[in-house]
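Next come the chains, spelled out residue by residue.
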Amino acid sequence: MILPFALIILVFWLLFLRPQQKRRQQEQQMQSTLQPGVEVLTKAGFYATVIEVRENDVELEVSPGTRIRMLKQGIGDVITPNDGISDDTPVEDRPDFPGDDKNDGPR
């Protein structure tokens, strides 16, 4: 009689609780390794660059001259890890900037 309940609890733990714990650990590790210059994607869907890291929050630059302060828990993913190479190119001058129509030619 107790075997089916134990089996249900085991399946619940394997399918739901264990993966959730792993995701939470990975997210905490990512948030603890944030550093200035890293490009991130927030849970709200904003792409931003980390400017300053504090104990519980970070300061992000979402566009040139526009900074916001956000809790570390609001960071969803690191887009480009900082590998020691400094890129001082303004965002609007980068080739992947979405508003760049210079190279499209006549329409």
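See the structure shown above.
In this report, we go over the structure that sits alongside the text. Not measured: the values here are computed from a predicted model.

Conventions and cut-offs
- Residues numbered from 1 in each chain as written.
- Predicted model: local features only at pLDDT ≥ 70, side-chain atom pairs only at ≥ 80, totals over all residues.
- Heavy atoms only, no water.
- Helix = DSSP H or I, 4+ residues; strand = E, 2+ residues; numbered from the N terminus.
- Contact = heavy atoms within 4.5 Å.
- Polar contact = N/O pair within 3.5 Å; in protein donor to acceptor, adjacent residues only side chain to side chain.
- Salt bridge = Lys/Arg side-chain N within 4 Å of Asp/Glu carboxyl O.
- Buried < 20%, exposed > 50% of the residue type's maximum accessible area, 1.4 Å probe, protein only.

### Some points on the environment of Lys-43
- Structurally, Lys-43 is set in the loop between β1 (39-42) and β2 (47-53).
- Separated by 32 residues in the primary sequence, Lys-43 and Ile-75 have C-alpha atoms spaced 5.8 Å apart.
- Setting aside residues up to four positions removed in sequence, Lys-43 forms contacts with Glu-27, Gln-73, Gly-74, Ile-75 and Gly-76.
- A polar atom in the side chain of Lys-43 sits 3.1 Å from the side chain of Glu-27.

### Details of the pattern of salt bridges
- Counted according to the given criterion, the structure contains 6 salt bridges.
- Among the ionic pairs, Glu-27 bridges to Lys-43, the shortest N-O distance being 3.1 Å. One end of the pair, Glu-27, is in helix α1 (residues 2-32); the other, Lys-43, is in the loop between β1 and β2, with 16 residues separating them in the sequence.
- The partly exposed category is assigned to Glu-27, whose relative accessible area is 30%.

### As for the side chain of Gln-31
- Tracing the backbone shows Gln-31 in helix α1.
- The buried category is assigned to Gln-31, whose relative accessible area is 8%.
- Side-chain polar atoms of Gln-31 contact the backbone oxygen of Lys-72, separated by 3.0 Å.
- Residues contacting Gln-31, with those up to four places away along its chain left out, are Lys-72, Gln-73 and Ile-75.

Read these as spatial facts, not as claims about activity.
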